Amino acid sequence: MSVIRLGSNSPWEAVVGYSRVVVRGDTAWVSGTTSLVDGEVAHPGDPAAQTRQALANVEHALERAGFTLNDVVRTRIFVTDIARWEDVGRAHGEAFGDIRPATTMVQVAALIDSTMLVEIEADAVRAAGA
């Protein structure tokens, strides 16, 4: 079974050596995804809006690989300020309220850009929501 690796033109992919999404069979893994849009961090200072944008970016990566948010079975949320967990959690719930993947939210000291407040990873299994 072959492995498919898709990039997103993130400035860090070539330097760090990773793909936005890796697919093998009916499983996809989406790398840590932020609110980056056209090379710029969207919604500085707003963790809820950054979460929504990061999840839109995750959804786009999944769709390119033939998956949907309904296929997501696990997310990992990294935040720079756990005190804002409700803002992030509610935005995550907007996307995954009915899907309800396993998830973890942890505070990290910093992300790769100081204006990034949230980074999200996702694992998906095709037709998991069926």
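One can find the structure itself at the top, above this paragraph.
None of the values given here were measured: they were computed from a predicted structure.

Asker: Can you lay out the packing of helix α2 (residues 47–64) against helix α3 (residues 85–96) for me, pointing to particular residues and giving the numbers?
Answerer: Helix-helix packing is described using two parameters, namely the angle between the two axes and the distance between the axes. For the pair α2 and α3, the least separation of the axes is 8 Å and the interaxial angle reads 30 degrees. Classified by the angle between their axes, α2 and α3 sit roughly parallel to one another. As for the relative orientation of α2 and α3, their crossing is right-handed in sense. Along its contact with α2, which presents Pro47, Ala48, Thr51, Arg52 and Leu55, the element α3 presents Asp87, Val88, Ala91, His92, Glu94, Ala95 and Phe96.

Asker: Account for the side chain of glutamate 119, naming residues and giving values.
Answerer: Tracing the backbone through its elements, the reader meets glutamate 119 in strand β8 (residues 118–125). With no salt bridge to any partner, buried glutamate 119 finds its closest opposite charge in arginine 20, at an N-O distance of 6.6 Å. Not counting residues up to four positions away in its chain, the partners in contact with glutamate 119 are Gly32, Thr33, Thr34, Arg76, Ile77, Phe78 and Leu111.

Asker: With reference to specific residues and values, describe the environment of alanine 95.
Answerer: Structurally, alanine 95 can be placed in helix α3. Looking at alanine 95, the relative accessible area reads 25%, which means it is partly exposed. Separated by 73 residues in sequence, alanine 95 and valine 22 place their C-alpha atoms 21 Å apart. Excluding anything up to four places from it in sequence, alanine 95 contacts Leu55 and Leu69.

Asker: Go over the sheet that holds β8, please, and point to the residues and values.
Answerer: With mixed pairing, the six strands of this open sheet are ordered in space as β1-β2-β3-β8-β6-β7. Here the strands that pair on one side only, and so sit at the sheet edges, are β1 (3–6) and β7 (102–107). Across the sheet, the mean angle separating the axes of adjacent strands is 10 degrees when strand polarity is ignored. Relative to strand β2 (residues 21–24), β1 is paired through four bridges, and the arrangement is antiparallel. In the strand pairing of β2, isoleucine 4 is matched with valine 23. Contacts from α3 reach β6 (72–79), β7 and β8, with the element oriented near 160 degrees to β6.

Asker: Would you mind going over the pattern of salt bridges in detail, with residue names and values included?
Answerer: Counting across every chain of the model gives seven salt bridges. Among the ionic pairs, glutamate 94 bridges to arginine 52, the shortest N-O distance being 2.8 Å. In this pair, glutamate 94 is assigned in helix α3 and arginine 52 in helix α2, connecting sequence segments 42 residues apart. A salt bridge links arginine 84 to aspartate 87; the nearest nitrogen and oxygen atoms lie 2.9 Å apart. The class of aspartate 87 is partly exposed, set by a relative accessible area of 30%. Counted as one network, the salt bridges with shared partners bring together Arg76, Glu121 and Asp123.

Reading guide: rules and limits
Residues numbered from 1 in each chain as written. Predicted model: local features only at pLDDT ≥ 70, side-chain atom pairs only at ≥ 80, totals over all residues. Heavy atoms only, no water. Axes fitted to C-alpha atoms, helices over the stretch in contact; angles between N-to-C directions. Helix = DSSP H or I, 4+ residues; strand = E, 2+ residues; numbered from the N terminus. Parallel < 35°, antiparallel > 145°, perpendicular 65-115°, else oblique. Left-handed = near helix turned anticlockwise from the far one by under 90°. Contact = heavy atoms within 4.5 Å. Buried < 20%, exposed > 50% of the residue type's maximum accessible area, 1.4 Å probe, protein only. Lys, Arg positive; Asp, Glu negative; His and termini not counted. Salt bridge = Lys/Arg side-chain N within 4 Å of Asp/Glu carboxyl O. Pairing = 2+ DSSP bridges.

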